[in-house]
Amino acid sequence: MKQRAIAIAVFFAALILLLALRAPAFFAPENLRDMAVTNAPSLIVATGMTLVILAGEIDVSVGSQFAVASVLAATLARAGMPLIFAALLTVLAGAGFGAVNGALVVWTRVPSIVATLATMAFWRELLRWITQGAWVQGLPPQFQWMGLGQGAGEAVIVSSAAVVFAVFAWMLRHVQAGRAVYAIGSSRESARLAGIPVKVVSFGVFIAMGALTGVAALLDSIRFSEIQSNTGMGLELKVISAVVIGGASITGGRGSLWGTLLGAGVLAVIAPSLTFLGVNAFWEKAIQGAIILGAIVLERAAASRVPTPALAKNAG
Amino acid sequence: MLLEARNIEKSYGGVRALRNVSFDLRQGEVHVLVGENGAGKSTLIRILAGAVQPDSGFLSLDGEPLLHNSPRRARELGIATIHQQPATFPSLTVAENIALASESASLLRKVNWRERQRAARRLLESVGAEIDPRREAGSLSMPEQQIVEIAKALGGNARVLILDEPTASLTERETERLFAILLRLRSQGAGIIYISHRLDELARIADRITVLRDGQCIDTRDAADTSSAELIRLMAGREVSTVFPVREVPLGEPVLELASVRGVSFTVRAGEIFGLAGLVGAGRTELAETIFGLTPEPSGAIRVCGRQLRVRSPREAIAAGIACVPEDRRRHGAIGDMPIRANSTLAILDRISRGTLLDFARERSIASDWRERLGIKADSIDDPASSLSGGNQQKVAISRWLATAPRVLILDEPTQGIDVGAKAECYRIMCDLAANGMAILMISSELAEIIGMSDRIGVMRLGELRAIVDRKDATPEKILALSLGQ
């Protein structure tokens, strides 16, 4: 799956080169900062999704979790709760959503695609019913940018995402649980036989996914002075795309967070680069799809040129 | 001559899989192919079945040159291959599976369901099987699926039947049934190419035997005047006696004691290899799973080194000093995607960590150490386990369990599907372990292996331990008779 990441990296470099030649304004500091701030929350969710996919599961409910967490954070702040407690409660609530998914998948053995499809609809509809579609308005002034002003607030958002990413990238490689995630995604049964607490680890992965979604929702919502109750629509597809573009195997066990960073980077850059290159933004999704397809085709082509070692060894 | 291959050459990359191999098959004969893994058997049958094109040489069927062979053309000409793992479609019914080969392949043709069922039933009857054609193929046992495959081949009017290790996972009785079917087909004039690792069964079925070694055809002989010992010598190019090492180990204290665990009681002592014989399905694997905590049983008592245990999970079993190398390597053994070093240390994450952080230096040194001790042939311990041959993957799986420093080692079919050379190495490793005081419980369906390796042999049948036989009293006939309940 490394070929896929390499193909994407080549594409990414070509796009950057094209932008440098045709639209150098793309690299204006304000533009780069804007892109980083808007996409930092998705990177955090993609970090969690990478863990989930590596463990051989999937979570399509993150968009709904994100919406509920955003509204919760704003509602708590409006009710006068100090921001630090509102933030903690939001992350805890996210972990709770993850725990519900994890419990369904691990203990009732519902396949994760089905379980999270159900919670995706459930949380989204519950939120719609409670808010009646209304936005959360009248937020206290210290909510937006955490009362730090736009410059510092943006720096907080981007650096938080960077720290979360770095911590998880390091843990995935250096902590026992990270090794366990790969083992479970590769072969659940082998992992169980090797004495790895498969259920605990899988459950933990879903909780981490939920908590990270909570963090992302919090960081995203402080950009605004009022919160839409239908936020986070389609977020799950965006982050799953980032993980897959980054070379992770959708069946688990293979992939890395660095690949996900690359995937998220490509997805973040496409839409604004179209604007800068003077292409109708209407094409964004089509190009996104073409990139995914192109990367996979390139990878297959590269793979078929080299005889697979497994085949050569089994011959005879 | 029904089917003939002359001067076949085939290379993969730089590896010459077949060198100037010639092979022929007569009508109404069973021609057996034997050879170590990697000897070229699979390549040869793939060429015959049209799945692979030879680099040079030619094929002929009924004396007519067989040009442009492809899987589809081979099937049309009546050459059918039955693989070790049945290739039935699990969610289709038996009748549908059979129809895939025998009915015309037009996608828009209307299906006559009643006729399809009738045809399937007729074919199944013709091979003497009572399988309901309406059942889903996935719900059948492996031998039943194999029979469906044979019926499917016959439905496609196969005249040449190629079977790749069909009895590898069959019990003695199922093997009998398969042989009866094959002998019947032979008497009807079919030519059968049969690959097997189980030499003891060849005398029963083979007319001629061809031995392949290192891609070359060593010899073709009449089965009637060829002994197993001679075949092994031809296959391996080495003497039989080297296969099972001679051991003289004084037995130590009791290490594993079972008291009515699943109704079974016995003791394995330090330095002892206790073999568990029996037919597939006799309850041996189930017993091992209970000891290892996979399927805990409240009744009975397990003691390790005199300490009473209550194992409820593999984790607890490992902590108590029990290790178990499972039977199904592909699903339960080495993890293909992971590097060798991670595979070897997967069960001892606690010991290669400081706190909860992995210590890569310690991981590397432990993994390199096991690579050396077990003779794992790999370029680097960073290579994925999937890049290794079957025998070496098995060694990686064994290293994972040995790394836990167990007192009791359970081996479930430790040499299934690996070649003669790798087998001999596995045996050597087992003897070394026993000599260092480990108690080994070995489950094996291969009589020669059970008798050659075990100090004592427990024979199971229908979930019960029927007898314990000492090494000096063990004969293949005796073990087999006990397994069959005679």
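Residues numbered from 1 in each chain as written. Chains lettered and ligands numbered in written order. Predicted model: local features only at pLDDT ≥ 70, side-chain atom pairs only at ≥ 80, totals over all residues.

Here we come to the interface of chain B and chain A. On the side of chain A, 24 residues touch chain B, which itself brings 32 residues to the contact. Listing elements by their share of the side of chain B that touches chain A, those giving two or more residues are β2 (15–25), α1 (41–48), α10 (314–319), α11 (329–332) and β18 (357–358) of chain B. For the side of chain B that touches chain A, the element with the most residues is α10 of chain B, which contributes three residues. Considering only residue class, the side of chain B that touches chain A consists of 15 nonpolar, 13 polar and four charged. (Contact = placed C-beta atoms within 7 Å. Helix = DSSP H or I, 4+ residues; strand = E, 2+ residues; numbered from the N terminus. Nonpolar A, V, L, I, M, F, W, Y, C, P; charged D, E, K, R; others polar.)

Below, the discussion takes up α1 of chain B. All names here are of chain B. Taking burial as the measure, the eight residues of α1 include eight buried ones, the bulk of the element. Burial in α1 covers these residues: Lys-41, Ser-42, Thr-43, Leu-44, Ile-45, Arg-46, Ile-47 and Leu-48. Of the residues one or two after α1, Gly-50 is the one with positive phi, at around 85 degrees. (Buried ≥ 20, exposed ≤ 12 C-beta atoms within 10 Å, placed from the backbone.)

Residue and element names in this part refer to chain B. Packing of helix α4 (residues 113–126) against helix α5 (residues 142–155) brings their axes to within 9 Å, and their N-to-C directions diverge by 110 degrees. The angle between the axes of α4 and α5 places the two elements in the roughly perpendicular class. Of the two possible hands of crossing, α4 and α5 adopt the one that is right-handed. Here α4 contributes Ala-119, Leu-123, Leu-124 and Ser-126 to the contact with α5, which in turn contributes Ala-151, Leu-154 and Gly-155. (Axes fitted to C-alpha atoms, helices over the stretch in contact; angles between N-to-C directions. Parallel < 35°, antiparallel > 145°, perpendicular 65-115°, else oblique. Left-handed = near helix turned anticlockwise from the far one by under 90°.)

Residues and elements named next belong to chain B. Across the sheet, which stays open at both edges, the six strands sit in the order β16-β19-β20-β13-β21-β22 with mixed pairing between neighbours. The open sheet terminates on both sides in strands that have one partner only, identified here as β16 (322–325) and β22 (464–470). Within the sheet, the average angular offset between the axes of one strand and its neighbour, ignoring direction, is 20 degrees. Each of β16 and β19 (408–412) touches helix α14 (residues 390–402); the most contacted strand, β16, lies at about 170 degrees to it. (Pairing = 2+ DSSP bridges.)

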